[in-house]
Amino acid sequence: MNLLKKGNRLTIVVPCYNEEAVLPETVEQLTQILDNLIKANKVAPESRILFVNDGSKDKTWSLVEAYSHQIPQVTGLKFSRNFGHQNALLAGMTIAVKYSDMIITIDADLQDDVNAIPKMVNEYYAGFDVVYGVRNNRDTDSTFKRNTALLFYKIMGQLGVEMVPNSADYRLLSKRATESLLAFKERNLFLRGMVPLVGYPSTKVFYARKERYAGTSKYPLKKMIKFALDGITSFSTVPIRLIMNLGIVLVFVGIGLFIYTLVQKARGVVITGWSSLMTSIWVVGGVQLICTSMIGEYVGKIFTEVKQRPRYTIEEETYTASFKPDNS
Ligand code: UDP
Ligand code: MG
C-alpha cells in the first residue's frame, strides 16, 4: 500500500434530515471507525465527519453542534432550509474537497454498513478513484421498494443511462473524482447517474443493507417517484424520441382509418362512424396530452436550469474552522 504517494485525509459526509433519533448512534459508530483508521495510520488525523443538516425541524442541529464540541473530528454544516438529500451531499462535498484527499458519503440512518468504510479506503489506496458501495441483499427493503427499484434500474439501463445497480449514495470519491463531479453544473441533481460519467478507475465494495437503525424513512413514495422521474428526464431524451415514433405510428393509423372510411362510404354503409369517432377522439386526445406534458417536463427542466439559482444556502458551518489554528 502506497501511503506516502497518496493523500490520506478523509472526510465522511453525512446528510441528515430529522435524524435526531439515530444521530447519537451514527456519531458513535462513525467516530469509532474513523478513530480506528487514524490509529492504523490509514487516514490522517485531520480527517473529519461532516454532518450536513438539511433543514431539520427536530433537534438534529443542536445535537451536531454539541457533538462537534465534544469530538474534534465531528463537524457540521447547516442549511437555511430543506434543500433535499442530493443537494446536501453536494454541499458537503463542495466544502470538504479542499481539505480532503478522499470523500465518503453515507446516509445517517446506518442502513449502509459502516464496516465497508475501511474496505473503501483500501480500494482507494489500491488505485481506485471511485468506490461504489453495493448492497448484496435488499431483504430489509419492502417487496414493493425492491421491485420498483429493480424496474427503475432496468428502465434507466434501457434509456442508455449507465448506473451501478443496487448502489445508492454510499461511495468513496477521490479528490480529483470529486472535483470532476462538482464541475457538473446542473440544478436537477441525480448524483448516482452522474458519478459514472466522471470516469476514472472505479470498483465496488459489497455489504449487506440493514434496517434503518431508528426513525422513519425520509423518502415517502411521492419523493421516490419524483426522484426517479428526475433521474430519467435529467439523463435521457429517449422519451422525446419515443413520442415522435408514436406520432408516426398514429399518422399511419389515421391514413388507414381514412381509407377505411372511404371504402365504407363507397359501399353505402354510413352510420357506422359513431363508435370509431368517439374512440379516436379520446385516444388521440389522451395521447396528445401525454406528449405535451412530457415535453413540458423537459421545458420545465430547462426552466429550472436557466435560472441558475443557488443549489443551497449555508447558514452555519463548523467544518472549515476545524482546520484553522485557534487564534483566540
Ligand atoms: N435526507 C436529507 N434530506 C431530505 C431527505 C433525506 O438529507 O430531504 C437524508 C436522510 O437524513 C438520510 C438520507 O438522506 O440520511 C437517506 O434518507 P432515508 O434513509 O430516509 O431514505 P431511504 O433509505 O428510506 O430511501
Ligand atoms: Mg435509509
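Residue numbers run consecutively from 1 along every chain, following the written order of its sequence. All chains are assigned letters beginning at A, and all ligands numbers beginning at 1, according to the order in which they are written. Residue-level local features of this predicted model are given only where pLDDT is at least 70; pairs of side-chain atoms are given and counted only at 80 or more, and the full residue set underlies all totals for whole chains, interfaces and linings. Hydrogens and water are ignored here; the side-chain numbers use all heavy atoms of the structure.

**Student:** Teacher, can you tell me more about the pattern of salt bridges here?
**Tutor:** When charged atoms on two side chains of opposite charge get close, those side chains can pair. For this document, the term salt bridge refers to a Lys or Arg side-chain nitrogen within 4 Å of an Asp or Glu carboxyl oxygen. Under the defined criterion, the tally for this structure stands at 13 salt bridges. The residue Lys59 makes a salt bridge to Glu20 at a minimum N-O spacing of 3.9 Å. Here Lys59 is found in the loop between strand 2 (48-53) and helix 2 (60-70), whereas its partner Glu20 is found in the loop between strand 1 (10-16) and helix 1 (23-39), with 39 residues between them in sequence. Accessible area is worked out with a 1.4 Å probe on protein chains only. A residue is then buried under 20% of its type maximum, exposed over 50%, and partly exposed in between. On the accessibility criterion, Lys59 (55% relative accessible area) is exposed. Residue Asp129 is joined to Arg176 by a salt bridge in which the shortest nitrogen-to-oxygen separation is 2.8 Å. By definition, any uninterrupted DSSP run of H or I lasting at least four residues is a helix, any uninterrupted run of E lasting at least two residues is a strand, and each is numbered from the N terminus.

**Student:** Is there a simple way to explain helix 4 (residues 116-125) in this structure?
**Tutor:** Note on helix geometry: an α-helix contains 3.6 residues per turn, so any two residues three or four positions apart are oriented the same way. Listed as buried for helix 4 are Ala116, Ile117, Met120, Val121, Tyr124 and Tyr125. Elements in contact with the buried residues of helix 4: strand 1, helix 1, strand 4 (102-105), strand 5 (130-135), strand 6 (167-174) and strand 7 (202-207). Looking one or two residues past helix 4, Gly127 carries a phi angle of roughly 115°, positive in sign. Whether two residues touch is decided by their heavy atoms; if any such pair falls within 4.5 Å, the residues are in contact.

**Student:** Hey, could you run me through the environment of Asp230 in this one?
**Tutor:** Residue placement: Asp230 occurs in helix 8 (residues 221-235). For Asp230, a relative accessible area of 13% translates into the label buried. In this structure, the C-alpha to C-alpha distance between Asp230 and Lys301, residues 71 residues apart in sequence, is 9.0 Å. Ignoring anything within four residues of it in the chain, the contact list for Asp230 reads Asn188 and Lys301.

**Student:** Sorry, what's going on with the coordination of the magnesium ion (ligand 2) here?
**Tutor:** Put simply, the ideal angle at a metal is 109.5 degrees for four donors in tetrahedral geometry and 90 or 180 degrees for six donors in octahedral geometry. Within the protein, the magnesium ion (ligand 2) binds to Asp109 (OD) and Gln111 (OE1); these donor distances fall in the range 1.9 to 2.0 Å. Considered together, Asp109 and Gln111 belong to a single accessibility category, that of buried residues. Only N, O and S atoms count as donors, using a 2.8 Å limit from the metal and a wider 3.2 Å limit for Na, K and Ca, and since water is excluded some coordination spheres may look unfilled.

**Student:** Honestly, the site of ligand 1 in this entry has me stumped. Any pointers?
**Tutor:** Contacts to ligand 1 come from 19 residues, most closely from Glu19, Asp54, Asp109, Ser217 and Lys218. Polar contact is the term for a pair of N or O atoms within 3.5 Å; when the atoms are in protein, one must be able to donate a hydrogen and the other to accept it, and sequence-neighboring residues count only if both atoms are side-chain atoms. Tyr17 places a polar main-chain atom, nitrogen or oxygen, 2.9 Å from an oxygen atom of ligand 1. Residue-level accessible areas treat just the shown protein chains as cover; the underlying method is Shrake-Rupley with a 1.4 Å probe. For ligand 1, whose unbound accessible area comes to 530 Å², protein coverage reaches 95%. Summary of the distance rule: residues count as near a molecule or strand when at least one heavy atom falls within 4 Å of that molecule or strand.

**Student:** Hey, could you run me through the sheet that holds strand 1 in this one?
**Tutor:** Strand pairing within a sheet occurs via backbone hydrogen bonds; the two strands may be parallel or antiparallel. Read from one edge to the other, the open sheet built from 8 strands follows the order 7-5-6-4-1-2-3-8, with strand pairing classed as mixed. At either margin of the open sheet sits one strand with a lone partner, and together these are strand 7 and strand 8 (314-317). Along the sheet, successive strands turn relative to each other by an average axial angle of 20°, direction set aside. The rule for pairing is simple: two strands pair if DSSP sees at least two bridges between them. One ladder, built from 4 bridges, connects strand 1 with strand 4; its direction is parallel. Bridging across to strand 4, Thr11 finds its partner in Ile103. Only C-alpha atoms enter the line fits that serve as axes; for helices the fit covers just the stretch in contact. Angles between N-to-C directions range over 0 to 180 degrees.

**Student:** Please explain the packing of aromatic side chains as it appears in this structure.
**Tutor:** A ring pair, where both rings are aromatic, is described by two values, the distance of the centres and the angle of the planes. Any two of the Phe, Tyr and Trp rings considered here, Trp counted by its six-membered ring, make a pair once their centres fall within 6.5 Å; the pair's planes then place it as stacked at under 30 degrees, edge-to-face at over 60, or tilted in between. The tally for this structure, following the rule as stated, stands at 10 aromatic pairs. Ring geometry for Tyr99 against Tyr319: centres 6.0 Å apart, planes inclined by 70°, an arrangement best described as edge-to-face. On the criterion of sequence distance, the pair formed by Tyr99 in the loop between helix 3 (85-96) and strand 4 and Tyr319 in the segment after strand 8 is long-range, its members being 220 residues apart. On the basis of relative accessible area, Tyr319 is assigned to the buried category, the value being 0%. Relative to Tyr207, the ring of Tyr170 lies with its centre 5.2 Å away and its plane at 80°, an arrangement referred to as edge-to-face. Of the two residues, Tyr170 is situated in strand 6 and Tyr207 in strand 7; the sequence distance between them amounts to 37 residues. Taking relative accessible area as the criterion, Tyr207 reaches 3% and is therefore assigned buried. Cluster of aromatic residues (ring-pair linked, three or more members): Phe152, Tyr153, Phe190 and Phe227.

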